[in-house]
2 protein chains.
Amino acid sequence: MASQSPTHSASASAAAAVKSAFKDQSYLPDEPTGPSIKTEIPGPKSKEAIAELDKVFDTRSLNMMVNYQNSFGNYIADVDGNVLLDVYAQIASIPVGYSNPALLAAATSPEMASAIINRPALGNFPQHDWAHILKSGILRVAPPGCDQVFTAQAGSDANELAYKAAFMWKRRQQRGGPHVEFTPEEINSSMNNQSPGSPNMSILSFKTGFHGRLFASLSTTRSKPIHKLDIPAFDWPQAPFPALKYPLEQHAEENAKEEARCLAEAEELITTYHIPPAAIIIEPIQSEGGDNHASPAFFNGLRQITRKHNVLMIVDEVQTGVGATGKFWAHEHWNLQDPPDMVTFSKKAQTAGYYFGNNDLRPNKPYRQFNTWMGDPARAILFRAIIDEIERLNLVQNTAETGDYLFAGLENLAKKYPAEIQNLRGKGQGTFIAWDSPRRDEVLKKAKGVGINIGGSGERAVRLRPMLIFQKKHADILLGGLEKIFQP
Amino acid sequence: MASQSPTHSASASAAAAVKSAFKDQSYLPDEPTGPSIKTEIPGPKSKEAIAELDKVFDTRSLNMMVNYQNSFGNYIADVDGNVLLDVYAQIASIPVGYSNPALLAAATSPEMASAIINRPALGNFPQHDWAHILKSGILRVAPPGCDQVFTAQAGSDANELAYKAAFMWKRRQQRGGPHVEFTPEEINSSMNNQSPGSPNMSILSFKTGFHGRLFASLSTTRSKPIHKLDIPAFDWPQAPFPALKYPLEQHAEENAKEEARCLAEAEELITTYHIPPAAIIIEPIQSEGGDNHASPAFFNGLRQITRKHNVLMIVDEVQTGVGATGKFWAHEHWNLQDPPDMVTFSKKAQTAGYYFGNNDLRPNKPYRQFNTWMGDPARAILFRAIIDEIERLNLVQNTAETGDYLFAGLENLAKKYPAEIQNLRGKGQGTFIAWDSPRRDEVLKKAKGVGINIGGSGERAVRLRPMLIFQKKHADILLGGLEKIFQP
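Note that the coordinates shown come from a computational prediction; the quantities given were computed from them, not determined experimentally. Counting restarts for each chain: residues are numbered from 1 in the order of the written sequence. Chain labels run from A onward and ligand labels from 1 onward, assigned in the order the entries are written. Two thresholds apply to this predicted model, a pLDDT of at least 70 for residue-level local features and 80 or more for giving and counting side-chain atom pairs, whereas whole-chain, interface and lining totals are computed over all residues. As a convention, hydrogens and water are excluded, and side-chain values are obtained from all of the structure's heavy atoms.

Details of the interface of chain B and chain A
Move 1: Taken residue by residue, the interface counts 123 residues in chain B and 123 residues in chain A.
Move 2: When two parts are brought into contact, each loses some accessible area as probed by a 1.4 Å sphere; the total of that loss over both is the buried area. Summed over both partners, the interface of chain B with chain A buries about 11000 Å², with 60% contributed by carbon and sulfur atoms.
Move 3: In what follows, salt bridge is the name for a side-chain nitrogen of Lys or Arg lying within 4 Å of a carboxyl oxygen of Asp or Glu. Connecting chain B to chain A are 12 salt bridges.
Move 4: By the criterion applied in these results, polar contacts are pairs of N or O atoms within 3.5 Å in which, for protein atoms, one can donate a hydrogen and the other can accept it, and in which residues neighboring in sequence qualify only through two side-chain atoms. Counting every contact that joins chain B to chain A gives 68 residue pairs in polar contact (both at pLDDT 80 or more).
Move 5: No other element matches the nine residues that helix H7 (residues 155-175) of chain B contributes to the side of chain B that touches chain A. Any pair of residues with heavy atoms lying within 4.5 Å of one another is described as a contacting pair. Each helix corresponds to a stretch of at least 4 residues labelled H or I by DSSP, and each strand to a stretch of at least 2 residues labelled E; elements are numbered beginning at the N terminus.

Structure follows, in structure tokens:
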């Protein structure tokens, strides 16, 4: 796509873009130099396409009608010719830019073509090089302590399959080991969805957490009523997640007390809840719930409590994983001595599943953790190309450095416009940055007018989820665009 | 791949293949003319690859270590050079043959490349031609009465999303319509997984049915204990599925009574179960549960009962859909006057989701039925190519005709070997044929030795799930191979 000059409304951004071109070369040289806004959004062609789509597909959550063939790098293009800097990136799921040439090479390889048209039932008929695809891709970036993987389709089922592994592990322990057979009572009751075969056990999650929208994952999701209303749920426990005060350095003592309170309540629930948990699940940064952070000390405390009471710790890295926080996995920031039992992933991995390191998490018999496709080799091949690109361009270091630069810029903006940027958070967490806005939805809408696509989370957070190829010059465009919106 | 001559053990099959070459041309001209067995299965190279894979991936359910690049049409190739006629087809999920040239063209198109590398969050940022992709593909084959679709990832989540739609529909009705707002009590209780926000409602399923392995889908799955043990489940009702006696024509009266009994019990559960159902879900042919059939009258009766008591009818066509039964959708055999409320699909569609025709099944607000990816345009593009290929080659008619031919051949075999082929079933249901075998697992194992890959279902059924390009000459190879196994 040819670079296009920005319209008047984005000229400050454009100036910043030109200036920063001296600072850093684009990772993708053909990327546009800045946004270009030609119509209101949605424009006339988008409106027409939306009306057409609405006849067969619910469009009420539609944000933009996108032309992906015209989208490139950090820039997303709509059907009216508008080109926006995209710091939402398909809800944090585009890793290395639209139409990335290295991914295009992988997508047009004979290996990919075969994977697309010959999709295997992986548990029964894996392709001969499946071990190689796993080891040279998904497992090359396995978190510390995890050397096995169970592949899945998306974040929700990745989490639910991890829950299944946890339940099977716990019941096996209660039963006395892998060689103790199921009792006739267990076998019969399981077919009637009754205990002991279908045990009264739970997964503990945290208030305002999000772990997906299928029935068990939704039972652990505690983000918003609109996600949960009318859907039957398991009566599973929820612990409080720390509500930290910002800036952190001014509230250290208070925040430490808050984290201690939350840890104590989690421990209380683990030991006394009427449906005992087999595992807890937690996000390193609660993402859909409003970008809520906690300290490494809190997560280390959780690891100790779960170990002490013999429940598993599942870390949900569906949104935080794959480089955006300045580490490949966000939980690497915690420096755990004792790694999590399972780590789930999806989104930027473009495939999904859970990592684990403990052979006990392989069920005692085959076909207990099984389904037809068990993931998708095509998507695993793509993740391998994504990992190659992240390493080739050193993109995890980029998110760390660009994140620091962007955070400093936002701190300055927050000083200038303290009513607009409240509780700025994510310092030292790469580009995984958010703040609270008293007029959030208006800010998000106005951002499109200045050529930037931004998302929200929780009730009033503006969340930044740029791709891993987001550079200082893009940060300048973003900062310039925000200032345009904030200026009285 | 070059055609290879069969080994001694499959020579009868080869003779049959040569003979039938005069009967029908292959749909895929470069297909092998018959199986070719070179080693035991698994052979030495497979064993090596399995040991390697097992370090990182559970291989206890592994059936064959496949080289898909060498697999073509109805034939699957392993890494030891063995080539088998495949009538299992990745658990019924390969529609038009391995390495099908028409699918290869779709998989190597620029449109596909963009779909792979620019995966959208479809609910927020659909691609501009999403309506066109849906209308020229998935919706072109929508079952009667269904003109909308919600796309998903696989069979389990397709069913669970249909359940969510059913619960939202039912609660909206109870609430008094789409414009009645949620009460504060509903909103607050939903966040605690409690009624009324998380309602005490259920989905009714049928004994020996299979609807997936995530938590709600598994709660409706009643196939085998090994699928369900140790996994917490919802206390949902199960009605009996008719246990028909074969041959059908000799047991008409008895079978009609059995179906009436099952209908009465389903109605009793719908009206009195302590957690009332919002919907029932049923397969046209219970596939994982052992290929259990019921008559069109039974399904028409269910439609009447569900309508009468105002619960929805979800037809699970994950395994039966897309042409194998001699109709595009198996439930078309029922000639329902009043179509099902939702029809779910996956497997041969190579993508997943549910069809519906009723605007009331769109939730009253956006973001209630939503997730990041909401399916995969890459797979929707592939399904469109599959549909084109099915129409070009008239493959639904082929499965009807080849199925009749194969069924007649099996009837003859059953007369000759009555101990081997019991309760032969699936007459008039295309190639969706099964029988009971007193030594099922041994038959499946021996089939590999004569160059045929077959799967089982339930406790003792041999189930045939050939692709839609399975022709009379392939049926001859299959029949010849079976006779080899049955011969004393």
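Picking up after the structure, the text goes on.
Comments concerning the sheet that holds strand E12 (residues 452-453) of chain B
All names here are of chain B.
Move 1: In space, the three strands of this open sheet follow the order E1-E2-E12, with mixed pairing throughout. Two strands in the sheet have a free side with no partner beyond their single neighbour: strand E1 (75-77) and E12.
Move 2: Between any two strands, pairing holds if DSSP finds at least two bridges. With three bridges connecting them, E1 and strand E2 (residues 83-86) associate as antiparallel partners. When the sheet's bridge partners are listed, Tyr 75 is paired in E2 with Leu 85.

Here we look at the pattern of salt bridges
Think of it this way: side chains of opposite charge can pair up when their charged atoms draw near.
Move 1: Per the counting criterion, the structure on display carries 70 salt bridges over all chains.
Move 2: A salt bridge links Asp 436 of chain B to Arg 425 of chain B; the nearest nitrogen and oxygen atoms lie 2.9 Å apart. Of the two residues, Asp 436 of chain B is situated in strand E11 (residues 434-436) and Arg 425 of chain B in strand E10 (residues 422-425); the sequence distance between them amounts to 11 residues.
Move 3: Owing to a relative accessible area of 9%, Asp 436 of chain B belongs among the buried residues under this scheme.
Move 4: Each member of the salt-bridge network shares a partner with another, and the members are Arg 171, Arg 175, Glu 186 and Arg 368 of chain A together with Asp 230 of chain B. Only protein chains enter the accessibility calculation, which uses a 1.4 Å probe. A residue is then buried if its area is under 20% of the maximum for its type, exposed if over 50%, and partly exposed in between.

Quick look at the domain arrangement of chain A
Interface size, as often reported, equals the accessible area lost upon joining of the parts.
All names here are of chain A.
Move 1: The assigned domain composition of chain A is domain 1 (110-391) and domain 2 (394-458 + 481-487).
Move 2: For the purposes of this description, domain bounds are those given by an automatic or database domain assignment. Of note, the centres of domain 1 and domain 2, computed from C-alpha atoms alone, are 29 Å apart.
Move 3: Summing the contributions of domain 1 and of domain 2, the shared interface buries around 1600 Å²; its carbon and sulfur component is 57%.
Move 4: The largest share of the area that domain 1 buries against domain 2 comes from Tyr 246, Asp 291 and Ile 390, three residues that together contribute 30% of it.
Move 5: For the interface between domain 1 and domain 2, the tally reads zero salt bridges.
Move 6: Where domain 1 meets domain 2, there are 12 residue pairs in polar contact (both at pLDDT 80 or more).

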